Amino acid sequence: MKLLTHNMLTSHVKGVIKGYPLLIKATEVKVNEVEFNPQFVSRMIPKLEWSALVQAAEELGQRQDLPSDLVPDYETNEEFLKKVHRVLLEVEVVEGCLQCPESGREFPISRGIPNMLLNEDEV
Amino acid sequence: TMSSCRRPEHSAPPEVVSVLMLHSSRMIEIQTQMSERAVELLNLPEGQPCFLLDVGCGSGLSGDSLSEGGHYWVGVDISTAMLDVAIDREVEGDLLLGDMGQGMPFRPGTFDGCISISALQWLCNADKRTHSPPKRLYTFFSTLYSSLSRGSRAVFQLYPENSEQVKNLTLITAQAMRAGFSGGMVVDYPNSSKAKKFFLCLFAGVTGVLPKGLGSETSDKAVSNQVQYSGQRCRFKNMKGKSVKKGRDWILEKKERRRRQGREVRADTKYTGRQRRPHF
């Protein structure tokens, strides 16, 4: 699971009001090399919950020098875009789980794939 | 036989059956073509990398078409066996194990588009799950609608070929409209029983012009290659971009025109254009 996906993921369990952001408890993380596409990163930034991204990167010990607030004029700031690219697309949670901040319910992650299947009483 | 091989969802649930399908080179070729056509029907802006959802992504064949187009994607599938194949194939998209009938677990406006190849009909089967197909379809479509950015599309490749599937299609489109989608069916090569393909093309948040089906130049005039559905919530304009005559939109536009001409016009209220009681 990449942090771009994590930033968009919420709990969809019935009755949960705010199942976002899911807390990451990782037992295995890897960092891949992914081709840098500044146009894509730039387009995604407005869609992100920035504080949730920073929090997730922190939880994985992969924050490095990612700032707490968005840099102004980021579209033309290649150095900044590269930092965002790394955190969004290169950092990957391989094993662990995602925990709902409201209910505590855990969604396991195995081989990089979060299991979002719900039980009958959660639908 | 080839036809029974093609419709395994008639015999067992998706988690078991999916892995049996799709790995002959001919099936791979067909799946790839359908995926590429679905991406084309998304009508994404030229040269722009987008963030897309692949529902029922399976082993990632359709996702590969998204990657080839320079896009980034998230795939959802209910089969761990298929997703394991996707991992081994080292697909570029991010994968989720999930049941589309339980809803799409994403924040509003996440995706620029959605494709789904040969997956939607699974939602029409009533199997061991306690919830009915209409409820699961509505849960799927309403959460999908929310997860799509306004103005984006969801394209579903389907096989509505027998009377059973035609019934399912009515169910599918009813729930999609209820969830807020507009759109319709695009049929490629309507006259060729071998090549004919159906794509349900849904618009999230805007009324779009339905794309033309392929092979329409050679088609019989009697054979339609488009079926357009209008949702109750969306006001359809005709192809020239003007409002339907005598509808509320038309009345509002006419009043505005008359105001611009300097005429005295009654204020617009909630009663404007409302149907009056019949007078005898």
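Residues numbered from 1 in each chain as written. Chains lettered and ligands numbered in written order. Predicted model: local features only at pLDDT ≥ 70, side-chain atom pairs only at ≥ 80, totals over all residues. Heavy atoms only, no water.

- In the nomenclature of an unreviewed UniProt entry, chain B is known as 18S rRNA (guanine-N(7))-methyltransferase of Sphaeramia orbicularis.
- Under Catalytic activity (unreviewed entry), UniProt gives the following word-for-word description of chain B: "a guanosine in 18S rRNA + S-adenosyl-L-methionine = an N(7)-methylguanosine in 18S rRNA + S-adenosyl-L-homocysteine".
- Here is the UniProt Sequence similarities (unreviewed entry) comment for chain B, exactly as written: "Belongs to the class I-like SAM-binding methyltransferase superfamily. BUD23/WBSCR22 family." (UniProt positions renumbered as here; feature names shortened; annotations may be inferred.)

- Going by what an unreviewed UniProt entry lists, chain A is known as Multifunctional methyltransferase subunit TRM112-like protein and is assigned to Sphaeramia orbicularis.
- Turning to chain A, the UniProt record has this under Sequence similarities (unreviewed entry): "Belongs to the TRM112 family."

**Regarding the packing of helix α3 (residues 25–41) of chain B against helix α4 (residues 61–68) of chain B**
Residue and element names in this part refer to chain B.
Okay, step 1: Put simply, α3 and α4 touch, their axes get as near as 8 Å, and they point 45 degrees apart. The orientation of α3 relative to α4 falls into the category oblique. Considering how the two elements wind past one another, α3 and α4 form a crossing that is right-handed. Residues Ile-28, Gln-31, Thr-32, Ser-35, Glu-36 and Val-39 of α3 touch α4, and the partners they reach there are Leu-61, Ser-62, Ser-65 and Leu-66.
Okay, step 2: Per-class residue counts for the contact of α3 with α4 are four nonpolar, five polar and one charged. (Axes fitted to C-alpha atoms, helices over the stretch in contact; angles between N-to-C directions. Helix = DSSP H or I, 4+ residues; strand = E, 2+ residues; numbered from the N terminus. Parallel < 35°, antiparallel > 145°, perpendicular 65-115°, else oblique. Left-handed = near helix turned anticlockwise from the far one by under 90°. Contact = heavy atoms within 4.5 Å. Nonpolar A, V, L, I, M, F, W, Y, C, P; charged D, E, K, R; others polar.)

**Quick notes on the environment of Val-155 of chain B**
Residues and elements named next belong to chain B.
Okay, step 1: Of note, Val-155 is situated in strand β5 (residues 148–158).
Okay, step 2: According to the relative accessible area criterion, Val-155 is buried, its value standing at 0%.
Okay, step 3: Distance in space between the C-alpha atoms of Val-155 and Ser-132 is 23 Å, their sequence separation being 23 residues.
Okay, step 4: With residues near it in sequence (within four places) discarded, Val-155 still touches Ala-38, Leu-41, Leu-42, Cys-114, Ile-115, Ser-116, Phe-199, Leu-200 and Cys-201. (Buried < 20%, exposed > 50% of the residue type's maximum accessible area, 1.4 Å probe, protein only.)

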